[in-house]
Amino acid sequence: MKKIIPLYILISLSSCIQKKVNNSYTNKNLAEINTIEKTVQDNQDFIDTLYVTAKDGLEIRNKPSIESSLLGVLPYGKKVHLINMDKEIIHEKKFVSIYEYIPNDNTYEHRVVYVDSEYLGQIEEIKLSKDLLCETYFYNTTDENNFEDECVDKSILKFNLVAENKVNQKTILSKIPDTTYITKVDGTLTIPLQKSNNNLIFKDVLKDNDNYREYKYYGYSEPLNKHLIYEAFYEGGEFFFVDKVNGKEKISFIGYPFISPNNEIIVTFNANPYENSGELEIFKITSKNKIEKLFSGNFKNWMPLDQDNILSIDNNNVIIKVLYSKVFWNKDGNLNSKNFQLLKLSWKLNLN
Amino acid sequence: MLECNYEDFVFNGFSKADGRPGKSSSHKNGYNGDFRYLRTDKSGKNVHLDKSDEKGDPCGWKGMDETRQNTFNDALYKFGWKDMLSWKYNKKLLNHSKHFKGHHHHLHVQNYKPNFTIKS
């Protein structure tokens, strides 16, 4: 047995060497690879940034050959950094060298690996498809059912992508009107209460720790008789309503609360930059202006581009600009704002 | 931090600080962290990149030590933090960072992927 193993390894090695020669892959190139691997550790020597366009993912190879060992699969839309390698090899075999994080047995490292360049493209080519819209990390419904890693049941919510020219521009946006009598002075927001001489006071705390709070008055909703305020935390923030009469009721939202024209539904969105996900909450407004949560979910594949602005809302649908979560930012770190798509969300929620 | 040999780091913890319910526990896994931006006066005081003031507490982007901050970002990237949230200032972004609201007063680092080998 002791003799068989080395013999097998030798055969395998000679086989690999033969393939490399056939692929015009010379010792000079191997030396270059070793040099680059060392260089890349210290300098991100990237010559270009591209994105995986293969819908089913792109195989990563140990060497620039389809017969080389498979190290993993990069998902659709994944950003990859190309490393400066021998252009002749790239053109001849279509493989390009990229720098990727490769978990392998007990070793986890960034290293030079190879992918088929045919399945790499520009960021503009990466788009959401309808089947990706419903996938969640989790979602919750009113009956306290919690679902993880599942698509949202179509009997609750439906997701579609719509063309910009199909959006009904006459639909009135549900923005809560601002008022002129609520002002913020020296970091203090003072809101007078109805039928009371007392005021609600929100004072900024601009310490860069967990106690950080910064308030902004957004407006007054007459149908709900509530004020809308934004509370910024050290990271993130939330909107909340306070009752104009007693100021005690505080209902929080992950994003700007958009109210349906019939005043029965509130929809909010949030782009979560820490998980690269899109958050959605839906509430119902009862006859007594109470607000109850119907749905909350964290979506894997899309993020709202501008959660404070939707394109339209009616009594059963909302349309908002979204981006595929893996291309929420351009390669330069700015928001990929020109590449958005329109998500139409339709609900069939139990309002009783 | 040893790589840069700076003494004025202000580190605000490796956790998610907004306290909002329903968030993933991955924000509190000890691998995501927040740092104040570095200042040219090395005082460790605040920098708010949505302002331009050279002095004050907070000062604006003119008071940030861009060279040292980018060196620090490079070091964080090198040692495994491959994703950073920051703020676009003066039409620029710090090295390896992405612009996102709420990050004018701190650098958020995440997506920790260090090179390592498990020895049995």
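Residues numbered from 1 in each chain as written. Chains lettered and ligands numbered in written order. Predicted model: local features only at pLDDT ≥ 70, side-chain atom pairs only at ≥ 80, totals over all residues. Heavy atoms only, no water.

## Section: the interface of chain B and chain A
In this complex, chain B contributes 38 residues to the contact, which on the side of chain A involves 37 residues. Taken together, chain B and chain A are joined by zero salt bridges. At the level of secondary structure, the elements contributing two or more residues to the side of chain B that touches chain A comprise α1 (66–78), β2 (81–86), β3 (97–99), β4 (107–112) and β5 (116–117) of chain B. Looking at the side of chain B that touches chain A, the element that brings in the most residues is β3(B), giving three residues. Its residues assigned to classes, the side of chain B that touches chain A comprises eight nonpolar, 18 polar and twelve charged. Note: strand β6 (residues 107–116) of chain A against β5(B), two bridges, orientation antiparallel. (Contact = heavy atoms within 4.5 Å. Salt bridge = Lys/Arg side-chain N within 4 Å of Asp/Glu carboxyl O. Helix = DSSP H or I, 4+ residues; strand = E, 2+ residues; numbered from the N terminus. Nonpolar A, V, L, I, M, F, W, Y, C, P; charged D, E, K, R; others polar. Pairing = 2+ DSSP bridges.)

## Re the sheet that holds β4(B)
Residues and elements named next belong to chain B. Across the sheet, which stays open at both edges, the four strands sit in the order β1-β4-β2-β3 with mixed pairing between neighbours. On the outer flanks of this sheet lie β1 (33–35) and β3, each paired with one strand and no other. Across this sheet, the average inter-strand angle for adjacent strands is 30°, counted without regard to direction. In terms of strand pairing, β2 meets β4 through four bridges, oriented antiparallel. Pairing of Leu85 across the sheet is with His108, part of β4. Contacts from α1 reach β1, β2 and β4 within the one sheet, and its direction differs from that of β2 by about 140°. (Axes fitted to C-alpha atoms, helices over the stretch in contact; angles between N-to-C directions.)

## Section: the environment of A:Asp178
Residues and elements named next belong to chain A. Tracing the chain through its elements places Asp178 in the loop between β10 (157–162) and β11 (184–185). What makes Asp178 exposed here is its relative accessible area of 53%. Sequence separation between Asp178 and Tyr220 is 42 residues, and the spatial gap between their C-alpha atoms is 6.1 Å. The residues contacting Asp178, other than those within four sequence positions of it, are Tyr217, Tyr218 and Gly219. (Buried < 20%, exposed > 50% of the residue type's maximum accessible area, 1.4 Å probe, protein only.)

## Digging into the state of the cysteines
Residue and element names in this part refer to chain A. Scanning the entire structure with this criterion turns up one disulfide over all chains. Covalent S-S linkage joins Cys134 and Cys151, the inter-sulfur distance amounting to 1.9 Å. Because the torsion about its S-S bond is 55°, the bridge between Cys134 and Cys151 counts as right-handed. In this pair, Cys134 sits in the loop between β7 (120–121) and β8 (136–141) while Cys151 sits in the loop between β9 (146–148) and β10, placing the two residues 17 residues apart along the sequence. Judged by relative accessible area, Cys134 falls into the buried class, the value being 15%. (Disulfide = S-S within 2.5 Å.)

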